[in-house]
Amino acid sequence: MARVWVRRVREVSLDMENCMDKFEIYLKRQPNCFLDWMGFRLRSLCTLHVRHEIAAEIQDLKYRIAHISDCRLRYGITAIPSSYYNASSSMGPRFVDYRLGALFIQEDQLVGIDEPRRRLTNLLIRDEKQCRVISVLGMGGLGKTTLTKRVYEDLQMIGEHFDYRAWITISQTFNLNVLLKDIIKQVASLDHKMDLKKIQKNYIDKIESKEEFDNMQSKEDLINQLQKLLKNKRYIVVLDDIWSIDAWESIKHALPENNNRSRVIVTTRIEEVANNCCADASGVDYVYKLQLLSKEQSMELFQSRVFGHNKRCPEHLENVANDLIAKCGGLPLAIIAMAGVLKSMPTPDDHQQWTNLLNNLSSVFEINQSLEGMKKVLLLSYNHLPYLLKPCFLYLSIFPEDHLIIRKNLIQLWVAEGLVCNQYAMSAEVVAEYYFNELVSRSLILPSEVGLNGKVKSYRIHDIMLDVLIFKSMEENMVSIHGKHSRTSLKDGNVIRRLSLQRESNQIRGIPDDVDVSQVTSLLIYDYQMILALLPRFRLLRVLVFENYSFDCKEEKVSFLQILSKFRHLRYLSLKGTSLKSYPTKKMKSTFSKSLSKLQNLVTLDIRDVGIRRLYSSVAKLKQLRHLLMRNSDCFILRLINVNSKMNPGVLLNLKNLQTLVGLKINNMEIAEELGFLTQLRILKISVDSKSPKILSSTCVSLNKLSGTLHSLSLTVWPEPPERLNLNINNHPSLLQSLQLRGGCKLPYWVSSLNGLATLTLIIDDKNLDNDLGVIKTLPNLLYLTLSSFYYTSVELLFTTGGFRRLKLLHLYGMEKLKSIEFQIECMPVLKKLVINGGWSLTCVIGIGFLPCLQEIQLITASKRIVEVLNSDVDTHKNIPKFTTINVRDN
């Protein structure tokens, strides 16, 4: 009842927002003069029916609010315990622990466990006297409990002697007293065959009966008794499925450090918990992160579960079996659950039934009991999320299967949706970063691209977890999906708030006219073509993702821009890659500018690669804008960079809330001066016309004003001037983490003071080469270094001893005249990857063996002679790094 009541409150609050939005769209006008006032009065007569509808909505909202208030009093809902609200609504009256099966799997049913078994065993039997904690980390259903149980039993079989053993399963909410008593009973009675009376006689002096022991409430007494038991003994304790640092902190004090090679194994889904448990590991990594099964291992497990041990899949089912395994994504629990569904079918080898299961998995989640266990295990992670993170996690169901999601885009979407807001002194974007990192830490999303600094740049959602998310999102009415999952997510009676349009194979579904989309506030479109006819039906949009769309004709483009101007409440608009180009006419450019100027609530605007390269002064009305991304030039070769996004004078002065500005070309004094007024900028990517020294000087003055906030600066001076330019900034940008200087820029003298700089891109020449490298090598936190050179400059690179202590990636790019590279001993002690692109003149690379952590070498556009030289160096390197070549030609 509490959940139903909360859902009603949520729905009525959303309807109130929509009602206010309608009022602003249809009725709210601000007359500025007598003529405006007369027009306002005339429009009032024309909108009587709209006023009547909105008045009726307000009355209905008042009635619903009163009814909700009465229900709260009637049912005695005075406060909603967080633990109760966190419980899944799909949980029945009894809780079944679906993890028990993992403890009793037969040996011949295990697949892909040999290598993890060996590695975890080696961590446990290391010759260290101190008590060590080993964390087994992984997402739900990955097999952490199964692996740990096997290793736990193996230690006894191989004669690894422990005086005491205990296996404890930790629930999300546990009773510490019960847990401590359970450990005491296991370590004393199971291994030494003692009954409780003997335990009491020897160890629990104050307790005279079993009843008193069971009723003992003092945590301090229980901890003291357990420490007496374990004193001077070698013990192993498994704490299965820990969910919080607080749980570990409350337990660890009962497990004494006795220098007898004792071991504690912790299994968890949360990376922060795993790291905290192993915090005292003296520099040794005792966190074992369990990986997903390979495709071959997945097929082996699937076949053994469906057809029996050592039996293969019939030929007519191989293709659909491969698709089902790909859907499971190497998650053992998903494979086992899918196999259970197939085995329960009347005809297990029916190809059509297998195909139906694959295509309708989201629907099957609701009705098939064989998948209930898997669903509940995966939902445990959702249930344990803090209240504020739950809607953020459910929001991920709006993305298509296998969609690569960029972290920065997701954060901006969360903010635009209102799922994240300012907290204390932190901006909404900073709070969203914490939320995202928390989801990664809890193994709920799969990192796809991770920077060498450990920061996730992009990620994907596991296919099975996505289906669970869609099921839960449908239950909470968070997201509606039309296209691939339309059979399950467009439910009758649900008010559609957030809509994701997704193409299904070659079939395109239109939204029926009787489906009400008037309440939709977020519309994300992915490879869905039947959209222009639908757009006028959406009037309350706050988020519109309309990327990589191809218009059939110029009239369609103009029509779209006219429709766009009516979305007055838009906060997030992405048109990235949508083809408004093809020689846009003056009328289209003007229409585009006017349409944008009416979207005065915009916070994020992404118009990269739309073909409109000029923003007119009308855009100055977007005073709420915080992120403006225009044409992205990062992918072009250095000498071909041409950032053509231009702006008229007066625009930047009104965009003082900008935090991100990408793709601006500065080619006049007004824009150069106005840039200095954007004192909130954190990310800035600009191109400066080098033909006028005054523009360059004025740009430096503006950058000097921004130095206190900038975290990332990319500056291109184009065309390349005869003499390299110095970026004169008196106030050092001390917060700078990324610096890219392209074109004709010198290395600024103040770079040596940037202790937080992690990424640096720079053009070098032979005149200042030694000085520049001498400055760069001392940067304490530099992780990524990209060096390029003028094509007419001959370069010999020498990386001397004692520098680049944290550098992990070295990228040498566009060095047509690069003659040689030499690494001296201890010059880059942690370098992992070396990329050489365009080294036609390169004759030798000396000192590869002095890079002890090197794992990969990439050679792009080079001659055969240097490939042969590097091949021999790679073969003799102790790590035998991965060596890849692209576009190798004869000398």
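Residues numbered from 1 in each chain as written. Predicted model: local features only at pLDDT ≥ 70, side-chain atom pairs only at ≥ 80, totals over all residues. Heavy atoms only, no water.

In the nomenclature of an unreviewed UniProt entry, the protein is known as NB-ARC domain-containing protein of Dendrobium nobile.

Participant: A description of the overall build of the protein should follow, citing residues and the corresponding values.
Facilitator: Secondary structure assignment for the protein yields 29 helices and 30 strands. Put simply, the protein has 891 residues, and 52% of those count as buried. Only carbon and sulfur atoms are counted for the fraction: they give 51% of the accessible area of the protein, which is about 41,200 Å². (Helix = DSSP H or I, 4+ residues; strand = E, 2+ residues; numbered from the N terminus. Buried < 20%, exposed > 50% of the residue type's maximum accessible area, 1.4 Å probe, protein only. Areas by Shrake-Rupley, 256 points an atom, 1.4 Å probe, with all protein chains shown as cover.)

Participant: I'd like to hear about the sheet that holds strand 1 (residues 132-137), residue by residue, with values.
Facilitator: The parallel open sheet is built from 5 strands, whose spatial order is 2-3-4-1-5. Lying at the two open borders of the sheet, with one neighbouring strand each, are strand 2 (164-169) and strand 5 (287-289). Averaged over all pairs of adjacent strands, the angle between their axes in this sheet comes to 15°, without regard to strand direction. Sheet contacts for helix 5 (residues 114-124): strand 1, strand 4 (263-268) and strand 5; angle to strand 1, the most-contacted strand, approximately 160°. Running at roughly 170° to strand 2, helix 6 (residues 144-157) makes contact with strand 1, strand 2, strand 3 (235-242), strand 4 and strand 5 of the sheet. (Pairing = 2+ DSSP bridges. Axes fitted to C-alpha atoms, helices over the stretch in contact; angles between N-to-C directions. Contact = heavy atoms within 4.5 Å.)

Participant: Give a detailed account of the side chain of Glu476, specifying residues and quantitative values.
Facilitator: By the element assignment, Glu476 lies in helix 22 (residues 463-476). By relative accessible area, which is 8% here, Glu476 ends up buried. Engagement of the side chain of Glu476 in a polar contact is seen with the side chain of Arg10, the distance being 3.5 Å. Contacts of Glu476, omitting those with residues within four sequence positions, involve Arg3, Arg7, Arg10, Tyr382 and Leu394. (Polar contact = N/O pair within 3.5 Å; in protein donor to acceptor, adjacent residues only side chain to side chain.)

Participant: Explain the packing of helix 13 (residues 295-307) against helix 14 (residues 318-328) to me, and be specific about the residues and the numbers.
Facilitator: Between helix 13 and helix 14, whose axes approach to 10 Å, the crossing angle comes to 110°. The orientation of helix 13 relative to helix 14 falls into the category roughly perpendicular. Every pair of crossing elements has a handedness; the one defined by helix 13 and helix 14 is right-handed. Contacts between helix 13 and helix 14 involve Lys295, Ser298, Met299 and Phe302 on the former and, on the latter, Ala321, Asn322, Leu324 and Ile325. When its residues are assigned to classes, the contact of helix 13 with helix 14 shows 5 nonpolar, 2 polar and 1 charged. (Parallel < 35°, antiparallel > 145°, perpendicular 65-115°, else oblique. Left-handed = near helix turned anticlockwise from the far one by under 90°. Nonpolar A, V, L, I, M, F, W, Y, C, P; charged D, E, K, R; others polar.)

Participant: Which residues make up helix 3 (residues 48-74), and what values do they have?
Facilitator: Taking 1.5 Å of rise per residue, 27 residues should cover 39 Å, and helix 3 covers 39 Å from first to last C-alpha, within 8% of that figure. Following helix 3 by one or two positions, Gly76 has its phi on the positive side, about 70°. (Expected span 1.5 Å × (residues − 1).)

Participant: Let's hear about the pattern of salt bridges: which residues, and what values?
Facilitator: With the rule as written, the count across this model stands at 20 salt bridges. When the shortest N-O distance is used, the salt bridge between Arg64 and Asp60 registers 3.9 Å. Of the two residues, Arg64 and Asp60 both sit in helix 3, 4 residues apart, roughly one turn of that helix. Glu417 is the partner of Arg498 in a salt bridge, and the nearest nitrogen-oxygen pair spans 3.1 Å. A residue pair is termed long-range when its members are at least 10 positions apart, and Arg498 in strand 10 (residues 498-502) and Glu417 in helix 20 (residues 407-417) qualify at 81 residues. Ionic contacts of the salt-bridge type, sharing partners, join the residues Glu11, Asp15, Asp60, Arg64 and Arg497 into one network. (Salt bridge = Lys/Arg side-chain N within 4 Å of Asp/Glu carboxyl O.)

Participant: Any details on unusual backbone geometry? Residues and values, ideally.
Facilitator: Among all residues save glycine, negative phi is the norm, and among peptide bonds the norm is trans. Of note in this structure, Asn477 is not a glycine but carries a positive phi near 55°. By secondary structure assignment, the location of Asn477 is in the loop between helix 22 and strand 9 (480-482). Not every positive phi belongs to a glycine, and Thr861 is a case in point at roughly 55°. When its relative accessible area of 17% is taken as the criterion, Thr861 is described as buried.

Participant: Requested: an account of the packing of helix 14 against helix 16 (residues 351-359), with residues and values cited.
Facilitator: Two elements in contact, helix 14 and helix 16, have axes whose closest approach is 10 Å; the angle formed by their N-to-C orientations is 25°. In terms of orientation, helix 14 lies roughly parallel with respect to helix 16. The handedness of the crossing between helix 14 and helix 16 comes out as left-handed. Every residue of helix 16 that contacts helix 14 at Val320, Ala321, Asp323, Leu324 and Lys327 is listed here: His351, Trp354, Thr355, Leu357 and Leu358. Of the residues contributing to the contact of helix 14 with helix 16, the split by class is 6 nonpolar, 2 polar and 2 charged.

Participant: Tell me about the nonpolar core, and please be specific about residues and values.
Facilitator: Membership of the largest hydrophobic core comes to 115 residues, with the highest contact counts inside it found for Leu675, Phe799 and Phe823. Filtering out sequence-adjacent residues up to four positions away, Phe799 remains in contact with Leu773, Leu787, Phe804, Leu810, Ile821, Glu822, Phe823, Gln824, Cys827 and Met828. (Core = buried A, V, L, I, M, F, W, Y, C linked by side-chain atoms within 4.5 Å.)

Participant: Account for the sheet that holds strand 24 (residues 795-799), naming residues and giving values.
Facilitator: By way of backbone hydrogen bonds, the strands of a sheet pair with one another, either parallel or antiparallel. Strand order across the open sheet formed by 3 strands is 24-26-28, with parallel pairing between neighbours. Strands at the two margins of the open sheet, each flanked by one partner only, are strand 24 and strand 28 (844-846). Mean inter-strand twist for the sheet, computed between neighbouring axes without regard to direction, equals 10°. Taken together, the 3 bridges between strand 26 (residues 818-823) and strand 28 define a ladder with parallel strand orientation. Looking at the pairing, Ile821 lines up with Val845 of strand 28.

Participant: I'd like a description of the pairing of strand 23 (residues 784-789), backed by residues and values.
Facilitator: With 5 of its 6 residues buried, strand 23 lies for the most part within the structure. Assessed by its sense of winding, the connection that carries the chain from strand 22 (residues 759-764) through helix 28 (residues 769-776) to strand 23 is right-handed. Relative to strand 25 (residues 809-813), strand 23 runs parallel, the two being bridged by 4 bridges. Residue pairing in the sheet places Leu787 in a bridge with Leu812 of strand 25. (Right-handed = clockwise from strand over helix to strand, strands pointing away.)

Participant: How would you summarise the packing of aromatic side chains if you had to cite specific residues and measurements?
Facilitator: Applying the stated criterion across every chain, the model contains 7 aromatic pairs. Ring centres of Tyr395 and Phe399 lie 6.4 Å apart, and the angle between their planes is 85°; this geometry places the pair in the edge-to-face category. The exposure classification of Tyr395 matches that of Phe399, with both residues buried. For the cation-ring pair, Lys390 lies above Tyr382, with the distance from its terminal atom to the ring centre recorded as 5.3 Å. (Phe/Tyr/Trp six-rings, centres within 6.5 Å; stacked < 30°, edge-to-face > 60°. Lys NZ or Arg CZ within 6 Å of the ring centre and 35° of its normal.)

Participant: Please set out a positive patch on the surface residue by residue, giving values where relevant.
Facilitator: On the surface, a cluster of positive charge is contributed by Lys408, Lys455, Lys457 and Arg682. Relative to the helices and strands, Arg682 resides in the loop between helix 26 (669-674) and strand 19 (683-689). (Patch = residues over 30% accessible without salt bridge, like charges linked within 9 Å, V, L, I, M, F, W, Y side chains within 5 Å. Lys, Arg positive; Asp, Glu negative; His and termini not counted. Charge placed at Lys NZ, Arg CZ, Asp CG, Glu CD.)

Participant: Break down the side chain of Glu438 for me, with residues and values.
Facilitator: Mapped onto the fold, Glu438 is located in helix 21 (residues 428-441). Only 2.8 Å separates the side chain of Glu438 from the side chain of Arg442, close enough to count as a polar contact. Those residues within four positions of Glu438 in sequence are excluded, and the remaining contacts are Glu272 and Leu389.

Participant: Would you mind going over the environment of Lys598 in detail, with residue names and values included?
Facilitator: Note on placement: Lys598 falls in the loop between helix 25 (586-597) and strand 14 (604-606). For the pair Lys598 and Ser565, spaced 33 residues apart in sequence, the C-alpha separation works out to 5.9 Å. In contact with Lys598, other than residues within four places in its own chain, are Ser565 and Arg568.

Participant: Tell me about a nonpolar patch on the surface, and please be specific about residues and values.
Facilitator: A cluster of nonpolar side chains, contributed by Met1, Val4 and Tyr75, occupies part of the molecular surface with about 290 Å² of accessible area. Turning to its location among the elements, Tyr75 is positioned in the loop between helix 3 and helix 4 (82-86). Taking the relative accessible area as the measure of exposure, Tyr75 reaches 42% and is therefore partly exposed.

Participant: A description of the pairing of strand 1 should follow, citing residues and the corresponding values.
Facilitator: With 6 of its 6 residues buried, strand 1 lies for the most part within the structure. Alternating residues of strand 1 divide into Arg132, Ile134 and Val136 and Val133, Ser135 and Leu137, and every residue in both groups is buried. Alignment of strand 1 against strand 4, held across 6 bridges, turns out to be parallel. By the bridge assignment, Ile134 is partnered in strand 4 with Ile265. One ladder, built from 3 bridges, connects strand 1 with strand 5; its direction is parallel.

Participant: Now, about the environment of Ile846: what can you tell me, with residues and values included?
Facilitator: With respect to the helices and strands, Ile846 occurs in strand 28. A residue is classified by how much of its surface remains accessible, and Ile846, at 41% relative accessible area, is partly exposed.

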